[in-house]
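The primary structure of each chain is shown beneath.
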Amino acid sequence: MIDASRFLADLHQLRSFGATGTGVVRPAFSPPDILARDWLAARMQDAGLSVQFDAMGNLFGLAEGKSLLLGSHSDTQPTGGWLDGALGVIAALEVARAARAAGGPAISVVSFQDEEGRFGGTTGSAVWTEMMTVAEADAVADTDGVTLAEARQVLGDRVGPDVDPARFTGFIELHIEQGPTLDAAGEQIGLVTDIVGYREMMVTFSGQQNHAGTTPMALRRDAFQGLSAFNSRLNDRLRNVVTPQSVWTIGHVQVAPNAASIVPGQVRFSMQWRDGSADRLGRMEAVITETLAEVAAEMGLGLDQGAVLGLEPVAMDPTLRTRLEAAAEAVAPGRWRSMQSGALHDATNVARLMPVAMLFVPSIGGISHAFEEDTAEVDLVAGLQVLAHAAGVHT
Ligand code: HGY
Ligand code: MN
Ligand code: MN
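Residues numbered from 1 in each chain as written. Chains lettered and ligands numbered in written order. Predicted model: local features only at pLDDT ≥ 70, side-chain atom pairs only at ≥ 80, totals over all residues. Heavy atoms only, no water.

Q: Could you give an account of the overall build of the chain, naming the residues involved and the relevant values?
A: Within the chain one finds twelve helices and 19 strands. What you see for the chain is a C-alpha radius of gyration of 22 Å, in line with the 21 Å of a compact globule of 395 residues. C-alpha extents for the chain along the principal axes are approximately 75 × 50 × 40 Å. Per-residue burial for the chain yields a buried fraction of 52% across its 395 residues. Relative to all contacts within the chain whose residues are 6 or more apart in sequence, the contacts with residues 24 or more apart total 78%. In the structure as shown, the chain presents an accessible area of about 15,600 Å², 53% of it carried by carbon and sulfur atoms. Of the side-chain charges in the chain, 27 are positive and 47 negative, and the distance between the mean point of each set is 1 Å. (Helix = DSSP H or I, 4+ residues; strand = E, 2+ residues; numbered from the N terminus. Rg over C-alpha atoms; globule rule 2.2 N^0.38 Å. Buried < 20%, exposed > 50% of the residue type's maximum accessible area, 1.4 Å probe, protein only. Contact = heavy atoms within 4.5 Å. Areas by Shrake-Rupley, 256 points an atom, 1.4 Å probe, with all protein chains shown as cover. Lys, Arg positive; Asp, Glu negative; His and termini not counted. Charge placed at Lys NZ, Arg CZ, Asp CG, Glu CD.)

Q: Give me the coordination of the manganese ion (ligand 3): which residues, what numbers.
A: In ideal tetrahedral geometry, four donors around a metal make angles of 109.5 degrees, whereas ideal octahedral geometry with six donors gives angles of 90 or 180 degrees. Taken together, Asp84 (OD), Glu116 (OE), Glu116 (OE) and His369 (NE2) make up the full set of protein donors to the manganese ion (ligand 3), lying 2.1 to 2.5 Å away. Donor residues binding the manganese ion (ligand 3) come from one chain and are separated in sequence as D-x31-E-x252-H. Exposure remark for glutamate 116: the relative accessible area of 13% places this residue in the buried category. (Donors = N, O, S within 2.8 Å, 3.2 Å for Na, K, Ca; no water.)

Q: Tell me about the site of ligand 1, residues and numbers included.
A: Around ligand 1, a shell composed of Asp84, Glu115, Glu116, Gln178, Arg274, Ala343, Leu344 and His369 is seen. The contact in question runs from a nitrogen atom of ligand 1 to an N or O atom on the side chain of glutamate 116, over 2.8 Å. A distance of 2.7 Å separates an oxygen atom of ligand 1 from a polar side-chain atom of arginine 274. Look at ligand 1: alone it shows 210 Å² of surface, and the protein chains cover 91% of it. (Near = heavy atom within 4 Å. Polar contact = N/O pair within 3.5 Å; in protein donor to acceptor, adjacent residues only side chain to side chain.)

Q: Just give me the short version of the pattern of salt bridges, but keep the residues and values in it.
A: Evaluation of the coordinates by the stated rule reveals 19 salt bridges. Aspartate 10 is the partner of arginine 43 in a salt bridge, and the nearest nitrogen-oxygen pair spans 3.0 Å. With arginine 43 in helix α2 (residues 31–46) and aspartate 10 in helix α1 (residues 4–15), the pair connects residues that are 33 residues apart, well separated along the chain. A salt bridge links glutamate 325 to arginine 321, with the shortest nitrogen-to-oxygen separation between them at 4.0 Å. Within this pair, glutamate 325 and its partner arginine 321 are both found in helix α10 (residues 318–331), separated by four residues, close to a single helical turn. Among the charged side chains, a salt-bridge network with shared partners connects Arg6, Asp10, Arg43, Asp46, Glu94 and Arg97. (Salt bridge = Lys/Arg side-chain N within 4 Å of Asp/Glu carboxyl O.)

Q: Now, about the coordination of the manganese ion (ligand 2): what can you tell me, with residues and values included?
A: At 2.1 to 2.3 Å from the manganese ion (ligand 2) lie its protein donor atoms, namely His73 (NE2), Asp84 (OD) and His175 (NE2). One chain supplies every donor to the manganese ion (ligand 2), and in sequence these donors are spaced H-x10-D-x90-H. Distance-wise, the manganese ion (ligand 3) is placed 3.5 Å from the manganese ion (ligand 2), both being coordinated by aspartate 84. Placement of the pair is aspartate 84 in the loop between β5 (67–73) and α3 (86–101) and histidine 175 in strand β7 (residues 168–176), with a sequence separation of 91 residues. Each member of the pair, aspartate 84 as well as histidine 175, carries the same accessibility label: buried.

Q: Help me get a handle on the pairing of strand β8 (residues 189–195), residues and values and all.
A: For β8, the tally of buried residues reaches six of seven residues, placing the bulk of the element in the interior. Where β8 and strand β18 (residues 336–341) come together, five bridges link them in parallel fashion. By the bridge assignment, isoleucine 189 is partnered in β18 with tryptophan 336. As judged from the two bridges shared by β8 and strand β19 (residues 356–361), these two strands associate in the antiparallel manner. Bridging across to β19, leucine 191 finds its partner in leucine 359. As paired strands, β8 and strand β17 (residues 314–315) are joined by two bridges and run antiparallel to one another. Of the residues in β17, the one forming a bridge with aspartate 194 is alanine 315. (Pairing = 2+ DSSP bridges.)

Q: Which residues make up the nonpolar core, and what values do they have?
A: Judged by nonpolar contacts, the single largest core of 57 residues is most densely connected at Phe7, Leu11, Leu70, Leu87, Val95, Ile172 and Leu380. Tallying contributions element by element places α3 first for this core, with eleven residues. In this structure leucine 380 touches Phe7, Leu8, Leu11, Trp82, Leu83, Leu87, Val361 and Thr375, once residues within four positions along its chain are discounted. By size, the runner-up hydrophobic cluster in this structure holds 22 residues, among which are Leu227, Ala229, Leu238 and Val295. (Core = buried A, V, L, I, M, F, W, Y, C linked by side-chain atoms within 4.5 Å.)

Q: Break down the packing of aromatic side chains for me, citing the residues and quoting the values.
A: With the rule as written, the count across this model stands at ten aromatic pairs. Ring geometry for phenylalanine 205 and phenylalanine 269: centres 5.9 Å apart, planes at 45°, overall tilted. Here phenylalanine 269 lies in strand β14 (residues 266–275) and phenylalanine 205 lies in strand β9 (residues 197–206), a separation of 64 residues in the sequence. Residue phenylalanine 205 shares its accessibility class with phenylalanine 269, and that shared class is buried. (Phe/Tyr/Trp six-rings, centres within 6.5 Å; stacked < 30°, edge-to-face > 60°.)

So this is what it looks like as structure tokens:
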């Protein structure tokens, strides 16, 4: 049987690793992340699963033979919420425990590493699904210049052989919605139809560092003014190609030398855009690239565009979705809906290798990637019950 209090106790125990106020600071390979993974490994062992870390730090709790894989990620954003990823990992563990106690079905558990992209984005599952090679991943550096190759040394002798994806019949990921839809509608469950795609690159404008008092405005080559002009022009131009579901974000900005009395000589920033259509992602990219070049030329700025990272949009498996629909109707009759995921997930990568589906529970106020992230306990338990029901485990 599913034990809701054991599930909630484990969820709060995981929260304690990197707990900061009401949120969590547990980036991939940080000390709290490794402590959390060791604790998770012990809980998987206690559940009778065979524990396996791979070279990326993905942590698997494996059932014998062919099994359904459930899970998510346990790393967090630099300042993250306590449920993003963690909910799916602990719910998977609880379903696996109940399945073993009931004599089946075979359920395995995974906590992927670096879904939150300290080193790019969904990195652990991208390497596991061969979307990228270990060498490509190892070369990626975080905003402090630490490479993944250096960071993952902390795994030490935990690393075992790779886990073969062929041992799994499919993957289901329970996750918080991270948006306002379910909470605003007073609904309990979201069944994901498709996950949007995204593209991201680092951009650098280079101008002329100079004195903020003696340099006339007309003579400046101010890199921050370049970013400001790019951002406002981009917002106008993208309107011609986007829909209300399209999003774009400049979330990370480094102004150099970042001093009040110095005209910025350089600005380095992240440019990320997301959409449910691969074609529209391409059209958004064309507008972004064109606008960058135009502003750099007009303002006499150097322009460097980094490599474009990204994931294509992906549809969820119809058979698993049907199982989730029956489960949602059983657990939360009339209080569920089908919906697109605007957030990215490991499920996108895993979908390359096996049938995949996702379900959401509400985020209070639609807040996520912030310390205020939270979900009502009754909704957390409902998500667990729908996951168990869809996995064929009695609740
Ligand atoms: O950015 C995302 O969508 C995910 O939460 N990392
Ligand atoms: Mn997540
Ligand atoms: Mn996230």
